[in-house]
Amino acid sequence: MTSHDVVARIRRLARTRRVGHGGTLDPMATGVLVIGVGRATRLLTYVIGAHKSYTATVRLGQATVTDDAEGDVIATTPAGQVTDESIRAALAALTGDIDQVPSAVSAIKIDGRRAYKRVREGESVELPARRVTVSRLDLLAVRRDQPDVVDVDIDVTCSSGTYIRAIARDAGLALGVGGHLTALRRTAVGNFALAEAATLDELEGRAPEVVNLPLAAAADRFFPRRDAGVDEARVLSHGGPLDPAGIPGPYAVFGPDGGLIAIVSERDGRARAEIVLAPA
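Per chain, residues are indexed from 1 in the order of the written sequence. In keeping with the model being predicted, local features are shown solely for residues with a pLDDT of at least 70 and side-chain atom pairs are shown and tallied solely at 80 or more, while totals for entire chains, interfaces and linings include all residues. Excluding hydrogens and water, the side-chain figures rest on all heavy atoms present in the structure.

On to the overall build of the protein. Looking only at helices and strands, the protein has eight helices and 17 strands in total. Taken along its principal axes, the extent of the C-alpha atoms in the protein is 70 × 45 × 40 Å. Contacts between residues were defined by any pair of non-hydrogen atoms, one from each residue, lying within 4.5 Å. Sequence-distant contacts, at least 24 apart, represent 64% of the contacts inside the protein between residues at least 6 apart. Accessible surface computed for the protein: about 14,000 Å², of which carbon and sulfur atoms make up 50%. In this tally, Lys and Arg are treated as positive and Asp and Glu as negative; His is ignored, and so are the chain termini. Lysine's charge is taken at NZ, arginine's at CZ, aspartate's at CG and glutamate's at CD. Charge-centre separation for the protein: the mean point of 34 positive side chains lies 7 Å from the mean point of 35 negative side chains. Each helix is a run of DSSP H or I of at least 4 residues and each strand a run of E of at least 2, with the numbering of both proceeding from the N terminus. Each accessible area is a Shrake-Rupley estimate made with a 1.4 Å probe; only the visible protein chains count as cover when residues are assessed.

This brings us to the pattern of salt bridges. Salt bridges are defined as contacts in which a side-chain nitrogen from Lys or Arg sits within 4 Å of a carboxyl oxygen from Asp or Glu. All chains considered together, the criterion is met by 19 salt bridges. For the salt bridge of Asp138 with Arg136, the shortest nitrogen-to-oxygen distance reads 3.1 Å. Partly exposed describes any residue whose relative accessible area lies between the buried limit of under 20% and the exposed limit of over 50%, with all areas from a 1.4 Å probe on protein chains only and scaled to the type maximum. Asp138 sits in the partly exposed class, given a relative accessible area of 34%. A network of salt bridges, in which partner residues are shared, links Arg9, Arg12, Asp201 and Glu204.

This part covers the side chain of Thr162. When you line up the elements, Thr162 lands in the loop between strand E11 (150–158) and helix H5 (164–175). On the basis of relative accessibility, which here comes to 9%, the residue Thr162 falls in the buried class. Here a polar contact is taken to be a pair of N or O atoms separated by no more than 3.5 Å, where protein atoms must pair a possible hydrogen donor with a possible acceptor and residues adjacent in sequence count only if both atoms sit in side chains. Among the polar contacts listed, one links the side chain of Thr162 to the backbone oxygen of Ser159, at a separation of 2.8 Å. Apart from residues lying up to four places away in sequence, Thr162 is in contact with Gln100, Val132, Thr133, Val134 and Ile167.

Nonpolar cores were defined as sets of buried Ala, Val, Leu, Ile, Met, Phe, Trp, Tyr and Cys residues, with membership established by side-chain atoms within 4.5 Å. Counting residues in hydrophobic clusters, the biggest one holds 40 residues, and the most contacted among them are Leu60, Ile87, Val152, Ile154 and Ile164. Looking at this core, the elements with two or more residues in it are helix H1 (3–14), strand E4 (52–60), helix H3 (84–92), strand E10 (130–143), E11, H5, strand E12 (179–189) and helix H6 (200–206). When neighbours within four sequence positions are excluded, Ile87 is seen to be in contact with Leu60, Val82, Leu139, Val142, Arg144, Val150, Val152 and Leu175. With 20 residues, the next largest nonpolar core counts Leu43, Leu215, Ala218 and Phe223 among its residues.

Our next topic: helix H7 (residues 215–222). Within an α-helix, residues lying three or four positions from one another point in the same direction, as the helix has 3.6 residues per turn. Among all positions of H7, only Leu215, Ala218, Ala219 and Phe222 are buried. Summarising the axial view, the buried residues of H7 lie within an arc of 95°, below the 170-degree limit, and thus occupy one face. Against helix H2 (44–48), strand E13 (192–193), strand E15 (251–254) and strand E16 (260–267) lie the buried residues of H7. What the arc covers is the set of directions going from the helix axis to the C-beta atoms.

This is the structure we're talking about:
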């Protein structure tokens, strides 16, 4: 399923067109896809930029046109002699702030057209490197179940826009044997973790009540919090500014009743709403 397929199914279950997602998952990937329903769709722009966590499997010894298992193998190099130590070193070099070249088969637009469409039409695509942050890249296991390939299980936390496929490709290149991704599971988006996610089948069973986390609770989880008094709540709910509180923004402002009023950022000595969510 594509992320769009998931949104289409949630629209049917929730009986509303007002549904969106907070960051595309590759069709081969599983795991966390944050969905906004109703007013919560307005918060998804913030979710898209959140850090992500993944577990993945890298196969060393084979390179593919897509840098994952969905593409044709374009090169094979026996990887049986690659040591665990050299694998650790290759992964360590891909940790921190790095300049990463996205996979050519990606949704990035070149002159208004998706890169993957250009590749599928036979074009040679070269994308510029982008600065991303891989804050954690743990080696979980090295498996040598076949003679000429090595499967490496990793656990990654990274900034938005990081391609795990590119990590697989670049590790394989550094080791001189090629590499591609054979499995990918997103385990967290910001503070939204896999353990609390619901499957589509579970949502089907309780439709149309598909929301796991109410809007106010989700905002309280995701943003720094500010509590407003009665007068402040009234001003802010009508789009007016508040006095600054010195909170790094954006942050969520809640009224005396605990309801979410707005997402606010501070600039020019005032706290101004980016999105007003109250009254409902």
